[in-house]
Amino acid sequence: MVTILNAQPAKQIEVSVNAERPSIAGLDRSGLAEALAAIGVPEKSRRMRVAQLWGWLYVRGVRSFDEMSDVSKDLRARLADTYTLDRPEIVSEQVSVDGTRKWLMRLPRRGRERTAPEVETVYIPEADRGTLCISSQVGCTLNCSFCHTGTQPLVRNLEVEEIVGQILLARDRIGDWPGANAPEDGRLLPETDRKITNIVLMGMGEPLYNFDNVRRAMAVAADGDGLSVSKRRITLSTSGVVPEIARWGAESSTMLAISLHATRNDLRDELVPINKRYPIAELMNACRSYPGLSNARRITFEYVMLKDVNDSLDDARTLVRLLSGIPAKINLIPFNPWPGSRYLCSDWGQIERFAELVNRAGYASPVRTPRGRDILAACGQLKSESTRLRASEHISPLVSKTPETAP
Ligand code: SAH
Ligand code: SF4
């Protein structure tokens, strides 16, 4: 069970989300151009207007059109009549004793959704970096047996602006915009002064099942004239959607993490059921040909440590053999329990013996220290409150939870 430490209680924060006026915060360049076209901005000036908005939205992080001093008053008024710069609504914000923060965010309803979907985003500060763990879907269509998100019955893909919106909201809340603490200085924040330096797509959802929106959102995150997070500091984690791995590498060239968790097909079929469709050998081939792979750009293999399930020294030896020839790092993740989970975390001594064997074989194998356990913010513990709703309360465009219906 989860130990409840001295977490601050979840804060309720009032953020108004306007149903009639959609938010344009989080859109990419083509989305902004469309939004401008819809309010009559002529095509010839759209590019220039998009560039202006871009700086205000993604360098300064402004929350109101009034602040956009180089945009004409008339255009500011037209923008404000039709749109907002709202972030996702915060349902709760929790701060762990170790500084980890978790936000439960409510997204605007789309299509015929009767309830507003909710997702979680986690910020993990460390000595040399600050990592934002973002979600790509509401829930997940896959059913990994050790993952809380996988028990969420209903799923939809996040839109581009909903993925980018998580970054904007986190920056707002931790004061990570230029001059956030001293608004008058207006200075741009050098990369080295930022709190959020890294992004991992390790929140809720399988990012390769929402390929296009995740790709466009990461292009916004990496854009050098805006949020400017280097692609080498963005990591996409996948359970192993083999056909999309090469395409992701070619089109996005971020770092890659693979949720491996088992070295034999019979066990991986059980832990990560997508393995039945794309078994280990195919997954390894996709990894070997991931574009840009080198010793400086290694694939991270995530391996959750489940007591007496996948944590024997024989498993460690098989793991080493399996990865031979692939520039790899191994990330051993102590299993994070959640209410109702059927596994136990391996004993600490066993994790150490496993790590030592893998290390001796030449692989860096840091054990990921569980962060934010007291607020259920650790890997695989994310699951929004909306799951309490019965399936019958939702209607299309939500998709039902079978891998076959995955988008
Ligand atoms: N769907 C993607 C990304 C989100 S999960 C994927 O599966 O890769 C991010 C990581 O957390 C994955 O490696 C996942 O296997 C791991 N994880 C899920 N549940 C966990 C749990 N209860 N304890 C530890 N790690 C978990
Ligand atoms: Fe989905 Fe990843 Fe959880 Fe598996 S581990 S259910 S792919 S979020």
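Look above for the structure.
Residues numbered from 1 in each chain as written. Chains lettered and ligands numbered in written order. Predicted model: local features only at pLDDT ≥ 70, side-chain atom pairs only at ≥ 80, totals over all residues. Heavy atoms only, no water.

Details of the overall build of the protein
Thinking step 1. When its secondary structure is counted, the protein shows 10 helices and 11 strands.
Thinking step 2. Counting every position in the protein, which comprises 407 residues, the buried fraction comes to 54%.
Thinking step 3. When contacts within the protein are restricted to residue pairs at least 6 apart in sequence, long-range pairs at least 24 apart make up 69% of them.
Thinking step 4. Surface accessibility of the protein: about 17700 Å² in total, with carbon and sulfur atoms responsible for 50%. (Helix = DSSP H or I, 4+ residues; strand = E, 2+ residues; numbered from the N terminus. Buried < 20%, exposed > 50% of the residue type's maximum accessible area, 1.4 Å probe, protein only. Contact = heavy atoms within 4.5 Å. Areas by Shrake-Rupley, 256 points an atom, 1.4 Å probe, with all protein chains shown as cover.)

Quick look at the sheet that holds strand 7 (residues 198–201)
Thinking step 1. An order of 1-2-3-4-7-8-9-10-11 is seen for the 9 strands of this open sheet, with the pairing classed as mixed. Where the open sheet ends on each side, the last strands, each with one partner, are strand 1 (89–95) and strand 11 (328–334). Neighbour to neighbour, the strand axes of the sheet diverge by 20 degrees on average, direction disregarded.
Thinking step 2. In the sheet, strand 2 (residues 101–106) pairs with strand 3 (residues 118–125) via 6 bridges, with the strands oriented antiparallel. Bridge assignment links L104 to a residue of strand 3, and that residue is E120.
Thinking step 3. Each of strand 1, strand 2, strand 3, strand 4 (130–133) and strand 7 is contacted by helix 4 (residues 160–174), which is oriented at about 130 degrees to strand 2, the strand it contacts most. (Pairing = 2+ DSSP bridges. Axes fitted to C-alpha atoms, helices over the stretch in contact; angles between N-to-C directions.)

Notes on the packing of helix 4 against helix 5 (residues 211–222)
Thinking step 1. Two elements in contact, helix 4 and helix 5, have axes whose closest approach is 8 Å; the angle formed by their N-to-C orientations is 40 degrees. The angle between helix 4 and helix 5 falls in the class oblique. As for the relative orientation of helix 4 and helix 5, their crossing is right-handed in sense. Residues V160, I163, V164 and I167 of helix 4 touch helix 5, and the partners they reach there are N213, V214, R216, A217, M218, V220 and A221.
Thinking step 2. Residue composition of the contact of helix 4 with helix 5, grouped by class: 9 nonpolar, 1 polar and 1 charged. (Parallel < 35°, antiparallel > 145°, perpendicular 65-115°, else oblique. Left-handed = near helix turned anticlockwise from the far one by under 90°. Nonpolar A, V, L, I, M, F, W, Y, C, P; charged D, E, K, R; others polar.)

Considering the nonpolar core
Thinking step 1. By size, the foremost hydrophobic cluster in this structure holds 105 residues, and its most contacted members are I24, M68, W103, F146, M218 and F301.
Thinking step 2. Broken down by element, the residue count for this core peaks at 8 residues, all from helix 4.
Thinking step 3. Sequence-distant contacts of F146, that is, excluding residues within four places in its chain, are made with H261, L271, V272, V304, L306, F335, W338 and Y343.
Thinking step 4. I124, C133, V200 and A257 belong to the second largest nonpolar core, which has 6 residues in total. (Core = buried A, V, L, I, M, F, W, Y, C linked by side-chain atoms within 4.5 Å.)

What about the site of ligand 2?
Thinking step 1. With respect to spatial proximity, the complete set of residues near ligand 2 consists of C140, L142, C144, C147, G150, G205 and S239.
Thinking step 2. Class assignment of the residues belonging to the shell around ligand 2 gives a composition of 4 nonpolar, 3 polar and no charged. (Near = heavy atom within 4 Å.)

Looking at helix 2 (residues 43–60)
Thinking step 1. For helix 2, built from 18 residues, the straight-helix expectation of 26 Å at 1.5 Å per residue is met to within 8% by its first-to-last C-alpha distance of 25 Å.
Thinking step 2. Every buried residue of helix 2 is listed here: S45, R49, V50, Q52, L53, W54, G55, W56, L57 and Y58.
Thinking step 3. The elements touched by buried residues of helix 2 are helix 1 (29–38), helix 3 (73–82), helix 4 and helix 5.
Thinking step 4. One or two steps after helix 2, the chain reaches G61, where phi turns positive at roughly 70 degrees. (Expected span 1.5 Å × (residues − 1).)

Remarks on the pairing of strand 4
Thinking step 1. Side chains G130 and L132 of strand 4 all project onto a buried face; the interleaved residues T131 and C133 project onto the opposite face, where all are buried too.
Thinking step 2. As defined by bridge partners, strand 3 adjoins strand 4 across 4 bridges and the pair is classed as antiparallel. Within strand 4, the position partnered with V122 by the bridge is C133.
Thinking step 3. Pairing of strand 4 with strand 7 involves 3 bridges; the strand directions are parallel. Each residue of the ladder has a partner; that of L132, found in strand 7, is I199.

So, the packing of aromatic side chains
Thinking step 1. Inspection of every chain in the model, using the stated rule, returns 4 aromatic pairs.
Thinking step 2. Taking the centre distance of 6.1 Å and the plane angle of 80 degrees together, the rings of F335 and Y343 count as edge-to-face.
Thinking step 3. According to the relative accessible area criterion, F335 is buried, its value standing at 1%.
Thinking step 4. Y343 sits in the buried class, given a relative accessible area of 9%.
Thinking step 5. Positioned above the aromatic ring of W177, the side-chain terminus of R171 is 5.1 Å from the ring centre. (Phe/Tyr/Trp six-rings, centres within 6.5 Å; stacked < 30°, edge-to-face > 60°. Lys NZ or Arg CZ within 6 Å of the ring centre and 35° of its normal.)

Comments concerning the packing of helix 5 against helix 6 (residues 242–252)
Thinking step 1. Two elements in contact, helix 5 and helix 6, have axes separated by 11 Å at closest approach and are oriented at 25 degrees. Relative to helix 6, the element helix 5 lies roughly parallel. For the crossing formed where helix 5 meets helix 6, the hand is right-handed. Within the contact between the two elements, helix 5 uses F211, D212, V214, R215 and M218 and helix 6 uses E244, R247, W248, E251 and S252.
Thinking step 2. In terms of residue class, the contact of helix 5 with helix 6 is built from 4 nonpolar, 1 polar and 5 charged.

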